[in-house]
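Remarks on the overall topology
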Amino acid sequence: MTKFRKLNRPTGHRMSMLRTLVSQLIKHDRIETTVAKAKEIRRLADNMVQLGKEGSLCAARRAGAFVRGDAVIHKLFSELAYRYKDRAGGYTRMLRTRIRVGDAAPMAYIEFIDRENELRQSKPPTPQPPQRAAMDPWTRSRLTRQFAPPKEEKSYDPEI
């Protein structure tokens, strides 16, 4: 079972709020909200970008059932899918900003990375290491014995 934050709201209110926040994040590329909500939005927004990159009819229907607005779905499947086609994950960034005056809640910006006018530059995606050729078990065991340190002899002392 997946763990998630309940955010002190009933299920219907919480899901409606998260759907709206994810839709607004996709529409505006950056929003300011509380830290707890931003952490939940990050998980859901990354799933929506994955659906956009998939690009199938099933993915479009699943994304359409969650986000609100045809313009948001169009942006998700055209602009964001193209922007993150080479990135394997981590499409959003959360930056803590201030403490809200009324209730002292910690606030944060959540934004998509690799876009213009971002608050902090993103790191380039790490290149994947080259794949090594598979070895048969006998060659592998010979190589292991070749580079392994020699075994120490255990002495048995019967007097103790």
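Our structure's up above, just so we're on the same page.
Quick look at the structure, then.

What counts and how
- Residues numbered from 1 in each chain as written.
- Predicted model: local features only at pLDDT ≥ 70, side-chain atom pairs only at ≥ 80, totals over all residues.
- Heavy atoms only, no water.
- Helix = DSSP H or I, 4+ residues; strand = E, 2+ residues; numbered from the N terminus.
- Phe/Tyr/Trp six-rings, centres within 6.5 Å; stacked < 30°, edge-to-face > 60°.
- Buried < 20%, exposed > 50% of the residue type's maximum accessible area, 1.4 Å probe, protein only.
- Lys NZ or Arg CZ within 6 Å of the ring centre and 35° of its normal.
- Contact = heavy atoms within 4.5 Å.
- Pairing = 2+ DSSP bridges.
- Axes fitted to C-alpha atoms, helices over the stretch in contact; angles between N-to-C directions.

**Considerations on the environment of G64**
- The topology assignment puts G64 in helix α3 (residues 57–66).
- Along the primary structure G64 and M48 are separated by 16 residues, whereas in three dimensions their C-alpha atoms are 9.7 Å apart.

**Notes on the packing of aromatic side chains**
- In this structure the tally under the stated criterion is two aromatic pairs.
- Ring centres 5.1 Å apart and planes at 50° place the aromatic pair Y84 and Y91 in the tilted group. One exposure class covers both Y84 and Y91, and it is buried.
- Ring centres of Y84 and F112 lie 6.2 Å apart, and the angle between their planes is 40°; on these two criteria the pair is classed as tilted. Residue Y84 is located in the loop between α4 (70–83) and β2 (92–99), and its partner F112 is located in strand β3 (residues 106–112); the two are separated by 28 residues in the primary sequence. Each member of the pair Y84 and F112 is classed as buried.
- Grouping aromatic residues by their ring pairs yields a cluster made of Y84, Y91 and F112.
- Against the face of Y109 rests R30, its NZ or CZ located 5.7 Å from the ring centre.

**Details of the side chain of T92**
- Its place among the elements puts T92 in strand β2.
- Owing to a relative accessible area of 11%, T92 belongs among the buried residues under this scheme.
- Once you skip the residues sitting within four places of it in the chain, T92 turns out to touch L25, R42, A45, D46, I110, E111, F112 and I113.

**Description of the sheet that holds strand β1 (residues 30–34)**
- A sheet is described by the order of its strands in space; here three strands give the open sequence β1-β3-β2, paired in antiparallel fashion. Each edge of the open sheet is held by one strand with a lone partner, namely β1 and β2. Each strand of the sheet is rotated relative to its neighbour by a mean of 25°, with strand direction disregarded.
- Here β1 pairs with β3 via five bridges, running antiparallel. Each bridged residue has a counterpart across the sheet, and for T33 the counterpart in β3 is A108.

**Side note on the pairing of β2**
- As paired elements, β2 and β3 share six bridges and run antiparallel to each other. Counterpart to I99 in the pairing with β3 is P106.
- The antiparallel pairing of β2 with β3 creates a hairpin that spans six residues between the two strands, and A104 there sits at a positive phi of about 60°.

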